[in-house]
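Notes for the structure review
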Amino acid sequence: MIPVLILTGFLGSGKTTLLAHLLRQPDFARTAVIVNEFGEIGLDHELVEASDDSLIALTTGCLCCKVRDDLAQTVDDLLRRREAGSVPPFTRIVIETSGLADPAPILQTLMTDVNIGGRIVLGGVATTVDAVHGAHALGHEMISAKQVAVADRLILTKSDLVGVVPSALRDRLAALNGSAPVLEAQHGRIDPRSLFDAGPYDLLTKSFDVQSWLGGEGADVGGHSHDHDIQTYAILRDAPIWAVTLTLLLETLAEHCGADLLRLKGIVNIVESPDRPAVIHGVQHVFHPPTWLARWPSDDRRSRIVVITRGIPRRFIETLIDSLEGEVVEVSVRR
Amino acid sequence: MTRALDEALRELLAQSLAAWRLTGNVEGVNDDAIRILCNGIAIRVERAPPAVPFRWMVTIDGRRRGAVSIPAVLRQVRSALDPGYARDKVRVAVTPLVLS
């Protein structure tokens, strides 16, 4: 299967510069690129040096709203051409979104399209943030805040222009998405390896690095931003829950909060599987089936669920888990 | 039956109003029921009697209906309070979370 990395970020935040640099690195050599440009005349794809056969410009509209079918079709075409040997045997796909794209629908497309479903795996979301103008964009553009909120990796660009990145910007990023490590790129230069582990599957080590994906042990994910009411928080739970509770939780969240659930990812201690935790991931109302780890990644066996949301109170999810688990236990006792 | 579950449900209903961006009041009443007042609508949630095949009873403006589970209670309450509510079912992704 081919990992797909989504590279997003607001207008002018340095996505194309970053991508151009990455594609010159040996680690990124076998990469197919899909560039989505919003406008009648696309330029970004002219600035990216990649094999012509493996570079596709989608210029018919913004990925998140108009060309989702086009995206799935394009990925499908790329994979078919790879299988037929008519393009170099790339080992990953990078999708550079337009600066105005909402990454959530793009993630959903990649997660749900049956034609490409068996051949790709999510490689994560990397979001560029302009160190000069990023704070303004975050404060005024909902899409900019959403791009930051759903990211697995945040990349501060143009930090060379400001010397020291303003602490207010870092604070705002932490409030919007405390689980995503913040990297810096100057003139587009960044260690490609730092992006390879953006998703749950570490592309470099070919391992499932759930700790890193969730933001590491010490990540502060309790932030609250006033940017468009987007919040990130982690729900910790000492006691394991029954598998049916997890199922009911995901169904209820999708049913009542789907639109406001920008992203949810976590590792969960399940009663029936004490030594093999479940890993969960969802975007709005679309969820992966839980994946079962072979073992706990550390001695910490608490369930940990990172929630990135617009307006869903933390206590709602905490009491939802308590209530569902309480009812499951009560029903099982009565039987 | 546990008192803790009743308390958790009461708080869940209060938090649900916030999650649904509704303003109202949720309180316990003397006979172990929960009363919700929101948008001029009164809702009562209580345990179902043992003889009926439900776990909860939900009374909305005098009309009493059974609910088999807490998610069913939430669905009935939301439907009554939020005219724009359209049930959104979970979709299961076809792509795996990790490479196999």
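Owing to the predicted nature of the structure, the values given are computational and were not obtained by experimental measurement.

1. Here we look at the overall build of chain A
Helix and strand content of chain A: twelve helices and 15 strands. In chain A, which comprises 335 residues, the share counted as buried stands at 53%. Pairs at least 24 residues apart make up 76% of the contacts formed inside chain A by residues separated by at least 6 positions.

2. Comments concerning the pairing of strand E6 (residues 153–157) of chain A
Residues and elements named next belong to chain A. For E6, a buried count of five out of five residues is recorded, marking the element as mostly surrounded by other parts of the structure. Relative to E6, strand E5 (residues 120–130) runs parallel, the two being bridged by five bridges. Bridge assignment links Thr128 to a residue of E6, and that residue is Ile155. Both E6 and strand E7 (residues 182–185) contribute to a ladder of four bridges, which runs parallel. By the bridge assignment for E7, Leu154 is matched with Val182.

3. Considerations on the domain arrangement of chain A
Residue and element names in this part refer to chain A. When the domains of chain A are assigned, the result is domain 1 (2–214) and domain 2 (230–334). Each partner contributes residues to the interface: domain 1 has 19 residues there, and domain 2 has 19 residues. Residue assignment for the side of domain 1 that touches domain 2 shows that the elements contributing at least two residues are helix H4 (103–112), helix H6 (142–149) and helix H10 (210–214). Per-element accounting of the side of domain 1 that touches domain 2 gives the leading share, five residues, to H4.

4. With respect to the nonpolar core
Residues and elements named next belong to chain A. If you look at the biggest cluster of nonpolar residues, it comprises 113 residues, and the most contacted ones within it are Ile93 and Val148. For this core, the domains that each give at least three residues are domain 1 (2–214) and domain 2 (230–334). Other than its neighbours up to four places away in sequence, Val148 contacts Thr127, Val129, Leu138, Leu154, Leu173, Leu176 and Asn177.

5. Details of the packing of helix H12 (residues 314–334) of chain A against helix H1 (residues 3–19) of chain B
For any two helices packed against each other, the geometry is given by the interaxial angle and the distance between the axes. Relative to each other, H12 of chain A and H1 of chain B sit at 145°, their axes nearing to 8 Å. Here H12 of chain A runs over H1 of chain B; the crossing is left-handed. From H12 of chain A, Arg315, Phe316, Thr319, Leu320, Asp322, Ser323, Gly326, Glu327 and Glu330 of chain A reach across to H1 of chain B, where they touch Ala4, Leu5, Ala8, Leu9, Glu11, Leu12, Gln15, Ser16, Ala18 and Ala19 of chain B.

6. Structural notes on the pairing of strand E4 (residues 56–60) of chain B
Residue and element names in this part refer to chain B. In this sheet, E4 lies alongside strand E3 (residues 41–47) in antiparallel orientation, the contact comprising five bridges. If you follow Arg47 over to E4, its bridge partner there is Trp56. Sheet topology note: the E4/strand E5 (residues 63–67) ladder contains five bridges and is antiparallel. Across the sheet, Trp56 pairs through a bridge with Ala67, a residue of E5. Turn length for the E4-E5 hairpin, with the two strands adjacent in sequence and antiparallel, is two residues, and the turn residue Asp61 shows positive phi of about 50°.

7. Re the packing of helix H11 (residues 243–257) of chain A against helix H2 (residues 70–81) of chain B
Two numbers describe how H11 of chain A lies on H2 of chain B: the axes approach to 11 Å, and their chain directions differ by 10°. Classified by the angle between their axes, H11 of chain A and H2 of chain B sit roughly parallel to one another. Facing Leu248, Glu251, Thr252 and His256 of chain A of H11 of chain A, the residues of H2 of chain B in contact are Pro71, Leu74 and Arg78 of chain B. Of the residues assigned to the contact of H11 of chain A with H2 of chain B, the class counts are three nonpolar, two polar and two charged.

8. Regarding H1 of chain B
In this model H1 of chain B runs 24 Å from its N-terminal to its C-terminal C-alpha over 17 residues, within 8% of the 24 Å that 1.5 Å per residue would give. Those residues of H1 of chain B not exposed but buried are Leu5, Ala8, Leu9, Arg10, Leu12, Leu13, Gln15, Ser16, Leu17 and Ala19 of chain B. Structurally, H1 of chain B contributes buried residues whose contacts are with H11 and H12 of chain A together with strand E1 (24–29), strand E2 (33–38), E3 and H2 of chain B. Remark: Arg21 of chain B follows H1 of chain B within two positions and exhibits a positive phi of approximately 60°.

9. Structural notes on the sheet that holds E3 of chain B
Residues and elements named next belong to chain B. One open sheet holds the five strands; their spatial order is E1-E2-E3-E4-E5, and the pairing between them is antiparallel. Across the chains shown, the open sheet's two edge strands, defined by having one partner strand only, are E1 and E5. Neighbouring strand axes in the sheet, compared pairwise and without regard to direction, differ in orientation by 20° on average.

10. Some thoughts on the confidence of the model for chain A
Should the pLDDT be low somewhere, the predicted coordinates at that spot are not to be read in detail. Across chain A, pLDDT averages 83, with 81% of residues at or above 70. With pLDDT under 50 throughout, residues 39–43 of chain A is counted as low confidence; its partners more than four residues away or in other chains account for three contacts.

Rules used throughout
One numbering rule holds for all chains: residues counted from 1, following each sequence as written. Chain letters start at A and ligand numbers start at 1, both assigned in the order the entries are written. Per-residue local features of the predicted model are confined to residues with pLDDT of at least 70, and side-chain atom pairs are confined, for both listing and counting, to 80 or more; whole-chain, interface and lining totals are unaffected and use all residues. What counts as a helix is a DSSP run of H or I of at least four residues, what counts as a strand is a run of E of at least two, and both are numbered from the N terminus. The exposure label follows from counting other C-beta atoms within 10 Å of a residue's C-beta, where the C-beta atoms are placed from the backbone and the thresholds are 20 or more for buried and 12 or fewer for exposed, leaving partly exposed in between. A residue pair is marked as a contact if its C-beta atoms, positioned from the backbone, fall within 7 Å. Note: two strands are recorded as paired if DSSP finds a minimum of 2 bridges between them. Here the bounds of each domain stem from an automatic or database domain assignment. A set of buried Ala, Val, Leu, Ile, Met, Phe, Trp, Tyr and Cys residues, joined through C-beta atoms within 7 Å, is what we mean by a nonpolar core. Every angle, taken between N-to-C directions, lies between 0 and 180 degrees, and every axis is a line fitted to C-alpha atoms, over only the stretch in contact when it is a helix. Note on convention: the crossing is left-handed when the near helix lies turned anticlockwise from the far helix by less than a right angle, right-handed when the turn is clockwise. Each angle gets one of four labels, with under 35 degrees taken as roughly parallel, over 145 as roughly antiparallel, 65 to 115 as roughly perpendicular, and the rest as oblique. Note that Gly is not counted as nonpolar here; it falls among the polar residues with everything else outside the nonpolar set of Ala, Val, Leu, Ile, Met, Phe, Trp, Tyr, Cys and Pro and the charged set of Asp, Glu, Lys and Arg. Here, expected helix span is obtained from the residue count minus one, scaled by 1.5 Å. pLDDT expresses, on a scale from 0 to 100, how confident the predictor is about each individual residue.

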